[in-house]
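Spelled out, the chains give:
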Amino acid sequence: GLGDALRLVADPREGAQAAAVRYLAAQFPRQYAAQYCAKDVDVPFLLATDEKYYTPTTCFLKDTPFFPTVVPAMVELLWEAKLLEPLELQEHPGLELLLPTLYEHPPSSVEAPALFKYLAERSEEFKTKHWRGMTGQKFLPLANGGWACPAEVFLHSDEVYARYGDLLDYARYDDPEVREFLSRAGTPRQPELPQLVTNVLANYRRYYEADQFCVEDYCGVLGEIAAGYKQMPAALQAKMKKTPFLPAYRIATTPAAPDAPGAEAAASSSSDPDGVLAKVVEWELVCARDCYLIDNTVLQRLLHAPSAPDDLVLRQLYSAMEVPWLSQCVERQWEVRGQPSPSSRSAEVQAVLRRRHPLLTRTLKGERRGNLRPGVALGDIVVLEVPAIMQVIQFEGRTYRPDEGLGTCKLEARAGVAPTLLLSGACETDYFDIAAALCEYLLEAHDERDTIEMQFLLATPLSCLQRKGLPVDVLLESDRPQKPKPKPATATAAAPLRPAHSRHTRSNPINPTEPWPQPRQEQALEICGADVRPTQRRQVQISGVTPNFQAGERRLQQDLRRAVKEVRNSSSASVNQAEQLRETVSCESEAIPASRLQKVPRLFAGLQLYLEYGTDLSPEGESAAGAFSVLLQRLAGVFGLGPELLNMYRDIDGNRIAFNRGGCLFFNLRYYEQCHGGKDERMALSFWYTTLCHELAHNTEPGHNALHENIMEGLIAKYLPKLMPLLSAEALCPGGADGAIDVDAL
C-alpha cells in the first residue's frame with residue numbers, strides 16, 4: 001500500500017532510498033495518486049537537516065523559521081523523479097500554520113531579527129485578517145525579558161528615545177523592511193496620550209532608576225499628559241492617582257527628626273544660617289496623596305514636605321489629581337507667653353481698628369461684605385501686648401515647635417468676654433497677620449483675597465486711599481452719630497453758592513448696597529496735588545509672536561537715542577523739592593508664552609542647545625550657534641560660571657529673548673542670528689552681558705519690579721570691570737588678525 005511505499009523511501013540503507021523513490025515514481029500515477037493527500041499522511045518519510053524524518057506538512061524545501069528543512073540530497077532525488085509536485089511538498093509553510101506557531105513559540109531577542117526579516121519578505125501574502133490578528137498577540141521580545149504586543153511597543157528612533165527614554169518599550173530594528181512590517185502589524189512610531197500614560201505607569205520606576213534620569217525631561221513628559229488629563233477615562237485617572245509616579249522634591253535642610261506620632265519635636269534651621277543647604281533638593285516618586293502643592297515655603301522647609309514641582313502646567317495636573325495644598329494640611333496653634341498688658345503699640349493698633357472698622361466691612365468695590373458673621377463688631381475688640389506668641393504646628397500626626405516660629409498676633413474670642421487681639425512684643429506689627437486674624441473673627445468664610453483687601457485697608461494711609469479715589473471720609477462719616485443739620489444759608493454776593501455737582505461738595509452718606517463712586521481722571525489728578533497730565537505711553541509687549549526681532553531692535557535703538565537726546569541744561573538758580581510720597585499699586589499680569597523645546601545631542605563650546613519640536617538646525621544655524629556659544633562662554637567666565645550652566649534655545653516665532661526657568665538660564669539663538677550675527681561684537685557682548693544680569697537677578701526676585709531692577713543694576717556694576725577686558729581688540733580677535741573664530745576647534 002501507500003504507507004509501505006513511503007516507509008521504503010525512509011529506508012536509511014545505502015541505495016535503498018533511491019530504489020524506493022524510483023518505485024514510488026513509477027507506481028504513483030496509476031496506483032497511489034487517487035488516495036494521496038499530504039495533510040493525511042502520517043508516515044514520516046522526508047529526511048530533514050536535523051537527521052530526523054517528517055511528514056510533508058511539517059517539513060519544507062527551503063529554510064523556514066520554526067520548521068525543519070528537507071536535506072538537499074533528498075530534494076534533488078525527488079526532483080529527478082518528478083515527485084515534488086505529486087507529493088505536494090511546499091517551499092514554505094502557509095500563514096495559517098506559520099502565524100499560530102509564532103504566537104505559541106515567540107522568538108528570543110537573538111532570533112527575532114532573522115524571523116521578522118523572513119516575515120517582511122512574505123508580507124505581500126498577508127491579508128487584513130492576518131494584520132489584525134497580529135496586533136493583539138505577544139510575540140515581540142522585550143529587552144528586560146518577556147514579550148509584548150505590537151501595540152505595546154514603539155519603533156525605536158533617536159528622537160523618540162531622547163524624548164521619552166526608558167518610559168517606553170522599543171522595537172529596536174534598523175532594517176527598513178522589518179520596521180515597515182512591524183508598523184503594518186500595529187507598532188506605532190510615537191505614543192498617543194493613552195499609550196503614553198499606560199507606559200509611564202508601567203515603566204516609571206525603571207526610568208527613575210536609570211543613570212541618565214533627568215527630572216526636567218520627566219516633568220516635560222508629564223506636561224504632555226497634563227494637557228489631556230481631563231479627557232482621560234475615569235479608570236485611567238483613578239489608576240494614576242494610586243500609582244507613585246509623580247515627581248516630588250524635598251528641601252535638603254530638614255528639621256530635627258520628630259518623635260513618635262503625637263510627640264513634640266523641635267525644629268530648627270540654626271545649622272544652616274546662610275540657607276546654603278536649602279538650595280539642594282532631593283527628588284522622589286510618590287502617589288498623589290503623598291505630596292503637596294506648595295503655598296507656604298516656610299512650612300515646606302520646616303516640615304520637609306514632599307513638594308510638587310514649581311511649574312504652572314504640572315501644578316494644574318497635580319491639582320486635578322487632588323493633590324492637597326500644604327497649608328490646608330497643617331493645623332497651627334498659638335501659645336501665649338507672659339501676661340497681656342496695654343502698651344503704646346497696642347493703643348496705636350486699637351485706634352486704627354476703631355477708626356477704620358467701617359472700611360473693613362466693605363470690599364474694595366465699596367460693597368458691603370456678604371459673609372460677615374452676624375452680631376460681630378470690630379469696635380468691641382480690645383488690643384493688648386504680650387511678651388511672645390509661639391507657634392505650634394500639627395502635621396501628619398506630629399507636633400513641631402520651630403525655634404523661629406514666633407507669631408505676631410493672636411485673637412481670642414470667648415463667650416461673654418470682649419474679644420482680645422494680642423500683639424507679640426518679640427515681633428514688629430504685621431498688618432497682614434492682623435488682617436488674617438480679623439478675617440477669621442469677622443467672616444464666616446474667607447480666602448487670601450479677603451485677607452489682602454483687609455490688610456490694604458488697614459495699613460494704607462487714609463490720605464492715600466482718598467487719592468486713589470475711595471470716598472473714605474464718606475464711609476467714616478456715615479458711621480458717626482449724625483449732628484443736627486444747620487439751616488440752609490442764603491446766597492449773598494460775599495458767599496456764593498457752589499453748584500451741586502462741585503467735586504468739593506461732600507456727598508450724602510453712602511448707601512451700603514451701592515458701589516463707591518469712581519472719580520473722573522481730572523479729579524484724581526487734582527486730588528493728588530501734583531501738576532501732572534495724562535500722557536500716552538507705548539505699551540511694552542511681553543508675549544506674543546515675533547517672527548523677526550529686527551524691527552523691535554530698531555525701535556529700541558530709537559528709544560535709546562531719545563533717552564540721551566532729552567537731557568536738558570538746567571537754568572534754575574536753585575532747586576527746591578518738597579517732600580512727597582510717590583505710591584504705586586501694581587496689579588500686573590505677564591503672559592508667559594507656551595514652548596516645547598527638545599535638547600540637541602551635541603554641545604556647542606560646552607553649552608546645551610534646545611530646538612523647538614519639529615525643527616532642525618540648518619548649516620547657517622550651526623555656524624551661528626557656534627559663535628553664540630563662544631560669546632556666552634566668555635560671559636559665563638565673567639561671573640565665574642561654567643558654560644554648562646548656560647543654555648541656548650531656538651524657537652520659531654516667540655517673543656522672548658531669554659528666560660530663567662527655576663535657575664536654568666536660556667538665551668535665544670534666533671535673536672542673536674537676527675540682531676547680532678556678523679555685526680559689531682562689542683555691541684553683542686554688551687547686550688548679552690546686560691541680558692545675563694537681568695536673568696541672574698530673577699534668581700532673587702522673580703517679578704519685574706524695583707527690587708529686580710536694583711539687583712540687576714548691582715550685578716551690572718559689580719561685574720563690569722571683569723567685562724571690560726573682553727571688549728579689547730585683542731580679546732575680540734582670538735582667531736588671528738582677521739578676527740575669525742575657529743568654532744570647530746571648540
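Definitions and limits used
- Residues numbered from 1 in each chain as written.
- Predicted model: local features only at pLDDT ≥ 70, side-chain atom pairs only at ≥ 80, totals over all residues.
- Heavy atoms only, no water.
- Helix = DSSP H or I, 4+ residues; strand = E, 2+ residues; numbered from the N terminus.
- Contact = heavy atoms within 4.5 Å.
- Areas by Shrake-Rupley, 256 points an atom, 1.4 Å probe, with all protein chains shown as cover.
- Salt bridge = Lys/Arg side-chain N within 4 Å of Asp/Glu carboxyl O.
- Buried < 20%, exposed > 50% of the residue type's maximum accessible area, 1.4 Å probe, protein only.
- Arc of directions from axis to C-beta.
- Core = buried A, V, L, I, M, F, W, Y, C linked by side-chain atoms within 4.5 Å.
- Phe/Tyr/Trp six-rings, centres within 6.5 Å; stacked < 30°, edge-to-face > 60°.
- Lys NZ or Arg CZ within 6 Å of the ring centre and 35° of its normal.

1. Side note on the overall build of the chain
Scanning the chain for helices and strands turns up 24 helices and 20 strands. Contacts spanning at least 24 positions in sequence make up 67% of the contacts within the chain whose residues lie at least 6 apart. When the accessible surface of the chain is summed, it comes to about 43300 Å², and 52% of that surface belongs to carbon and sulfur atoms.

2. A short note on the pattern of salt bridges
Under the criterion given, the structure shown has 21 salt bridges. For Asp169, the salt bridge goes to Arg206, with nearest N and O atoms at 3.0 Å. Of this pair, Asp169 sits in the loop between helix H7 (158-164) and strand S6 (170-171) while Arg206 sits in helix H9 (residues 193-209), and the two are 37 residues apart along the sequence. A residue is classified by how much of its surface remains accessible, and Arg206, at 27% relative accessible area, is partly exposed. Note that Asp651 is salt-bridged to Arg670, the shortest N-O span being 2.8 Å. Note that Asp651 is positioned in the loop between strand S18 (646-650) and strand S19 (658-661) and Arg670 in helix H22 (residues 669-675), a separation of 19 residues in sequence. The class for Arg670 is buried, based on a relative accessible area of 1%. Connected through salt bridges with shared partners, the residues Lys117, Asp175 and Glu177 form a single ionic network.

3. Some words on helix H1 (residues 2-9)
Listed in full, the buried residues belonging to H1 are Leu2, Ala5, Leu6 and Val9. When H1 is viewed along its axis, its buried side chains cluster within an angular range of 100° and face the same direction. Elements that come into contact with the buried residues of H1 comprise helix H2 (16-32) and helix H3 (72-80).

4. Side note on the nonpolar core
Of all hydrophobic cores here, the largest spans 41 residues; its most connected members are Leu609, Phe628, Leu631, Phe667 and Trp688. The element contributing the most residues to this core is helix H23 (residues 681-697), with nine residues. Not counting chain neighbours up to four residues away, the residues in contact with Trp688 comprise Phe628, Leu631, Leu635, Ile657, Phe667, Asn668, Tyr671, Tyr672 and His676. Among the nonpolar cores identified, the runner-up in size contains 37 residues, and Val200, Tyr207, Ala248 and Val286 belong to it.

5. Topic: the packing of aromatic side chains
For the coordinates displayed, the defined rule picks out 26 aromatic pairs. Site record: aromatic cluster; members linked through ring pairs are Phe628, Phe667, Tyr671, Tyr672, Phe687 and Trp688. Seen from the ring of Phe659, Arg656 lies directly overhead, with NZ or CZ sitting 4.1 Å from the centre.

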